[in-house]
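What follows is the residue order along each chain.
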Amino acid sequence: MRIPSPAALWSRSTRSARHDDAASDGVRLLTQADTAAVRALVAEDPVAHTFVDSQLATTGTVAARSSALYLGRFDEHERLVAACWVGSNVVPVCSDEDSGAAFGRALLKQRRRFASVFGPAEAVRGIWSELAHGRQRAFDIREHQPLMTMTAPPAPELRAHAVRTAWPHDYDRLLPACAAMFEEELGYSPLTQGEAQYRARVDWLIRAGHALVETDQSGRIVFKAELGVVTPLATQIQGVWMNPDFRGLGLAASRMADVAALALELAPTVSLYVNDYNTRALATYERVGFEQAGEFATVLF
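Calculation criteria
Residues numbered from 1 in each chain as written. Predicted model: local features only at pLDDT ≥ 70, side-chain atom pairs only at ≥ 80, totals over all residues. Heavy atoms only, no water. Helix = DSSP H or I, 4+ residues; strand = E, 2+ residues; numbered from the N terminus. Buried < 20%, exposed > 50% of the residue type's maximum accessible area, 1.4 Å probe, protein only. Areas by Shrake-Rupley, 256 points an atom, 1.4 Å probe, with all protein chains shown as cover. Lys, Arg positive; Asp, Glu negative; His and termini not counted. Charge placed at Lys NZ, Arg CZ, Asp CG, Glu CD. Pairing = 2+ DSSP bridges. 1 Å grid on protein atoms, 1.4 Å probe; cavity = no way out; pocket = protein on both sides within 12 Å on 5 of 7 lines; lining within 4 Å. Points joined across faces, edges and corners; volume = space filled by probe spheres on them. Nonpolar A, V, L, I, M, F, W, Y, C, P; charged D, E, K, R; others polar. pLDDT = per-residue confidence, 0-100. Contact = heavy atoms within 4.5 Å. Salt bridge = Lys/Arg side-chain N within 4 Å of Asp/Glu carboxyl O.

J.: Would you mind going over the overall build of the chain in detail, with residue names and values included?
T.: Summing up its helical and strand segments, the chain has 10 helices and 12 strands in all. For the chain, the C-alpha atoms occupy an extent of roughly 65 × 45 × 35 Å along the three principal directions. By residue count, 52% of the 301 residues in the chain fall in the buried class. On the chain, roughly 14,700 Å² of surface is accessible, and the fraction owed to carbon and sulfur atoms is 50%. The positive charge centre, built from 30 side chains, and the negative charge centre, built from 35, are 8 Å apart in the chain.

In structure tokens:
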């Protein structure tokens, strides 16, 4: 029996409900012909939409694929005013709650399961206002996550010059460090769910030159971070982790300054987002030179 793709399920649903609420919201499945319009939306804020920008760079199209599709919202003049990437996660390309809610209503009809919703806070809140009525329950909702950016290199005196690009032989030590960070952040190990994909992701980050580490003389990971998203216009730092044996020693700011400097060699803006209650991290990032440029939110399932 052939299992229909998400795109096929979406198309079937929208054809049978052409005049339902989703249709009245102006939401529909996007096709290759909409690619330029989505690129234009991303270009309005390439830092906030850096994840979707990277997806477009990889695929070159918004046409539905087996693993992901794009939804679009159109106004009465048939102009694309908002978009949404839908894969294992949901990522809006808009910043208003109304468009988010329209995408949420459309997604609710598909009865799909997602790992998370993340992106500009108002849009995520709109999506969740509708998905909250579905079968999938969130285990954490992070409503206020400052989106912080830097465009100038950190002050030279802040640098430790201790963080470097990871090498392939770092993999065996880096993988447990990445898993430890993940478990601290989300409460479960990625090696118990989707281990093969997680191992492949860490390996890819190393081979792409986007895994950054500090090691001691024995090769032990002292600090690590990843450039989880990289485009010609912006990078996004993810997975920041200090080995517990080295915490409380005042090392974080100098290591983050190293990471920011390395990231700015790849793109003119480096960004990250952080939970607002993590006051120590916020203070560290501000000391390095990051400034708030917006707000994200994340819903975790």
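Anyway, onward from the coordinates.
J.: Can you break down the pairing of strand 9 (residues 221-230) residue by residue, with the values?
T.: Regular strands have side chains that alternate between both faces of the sheet. With respect to burial, strand 9 is a largely interior element, nine of its 10 residues being buried. The sheet contact formed by strand 8 (residues 211-215) and strand 9 spans five bridges and is antiparallel. Paired with Ala211 across the bridge in strand 9 is Glu226. Count of turn residues in the strand 8/strand 9 antiparallel hairpin: five residues, of which Gly219 carries a positive phi of about 90°. Across six bridges, strand 9 lies against strand 10 (residues 234-242) in antiparallel orientation. Note that in strand 10 the partner of Lys224 across the bridge is Trp241.

J.: Run through empty space enclosed by the protein, naming residues and quoting values.
T.: Evaluation of the coordinates by the stated rule reveals two cavities of 30 Å³ or more. Taken as a whole, the largest cavity encloses approximately 60 Å³ of empty space. Together, 13 residues line the largest cavity, and Ala48, Phe51, Val91, Phe118 and Phe296 are the ones closest to its centre. Elements that contribute at least two residues to the lining of the largest cavity include exactly helix 4 (50-59), strand 4 (89-93) and strand 5 (116-120). The residue makeup of the lining of the largest cavity, split by class, is nine nonpolar, four polar and no charged.

J.: Lay out unusual backbone geometry with the relevant residues and their values.
T.: One non-glycine residue, Glu78, adopts positive backbone phi at about 65°. Position of Glu78 relative to the elements: it lies in the loop between strand 2 (69-74) and strand 3 (80-86). Classification of Glu78 as partly exposed rests on a relative accessible area of 48%. Here Arg111, not a glycine, exhibits a phi torsion of approximately 55°, which is positive. Looking at the secondary structure, you find Arg111 in the loop between helix 5 (97-108) and strand 5.

J.: Can you break down the confidence of the model for the chain residue by residue, with the values?
T.: Chain-level statistics for the chain give a pLDDT mean of 92 and a share of 92% at 70 or above. Segment residues 12-19: pLDDT under 50, and four contacts once partners within four positions in sequence are set aside and those in other chains are kept.

J.: With reference to specific residues and values, describe the pattern of salt bridges.
T.: In total, this model carries 19 salt bridges according to the counting rule given. Linking Glu295 and Arg125 is a salt bridge whose minimum nitrogen-to-oxygen distance equals 3.0 Å. Remark: Arg125 occurs in helix 6 (residues 121-131) and Glu295 occurs in strand 12 (residues 291-300); sequence separation between them is 170 residues. What makes Glu295 partly exposed here is its relative accessible area of 29%. Arg125 sits in the buried class, given a relative accessible area of 19%. Arg207 is the salt-bridge partner of Asp203, the closest N and O atoms lying 3.1 Å from each other. With Asp203 and Arg207 both in helix 8 (residues 195-208), this residue pair falls four residues apart, about one helical turn. For Arg207, a relative accessible area of 60% gives the class exposed.

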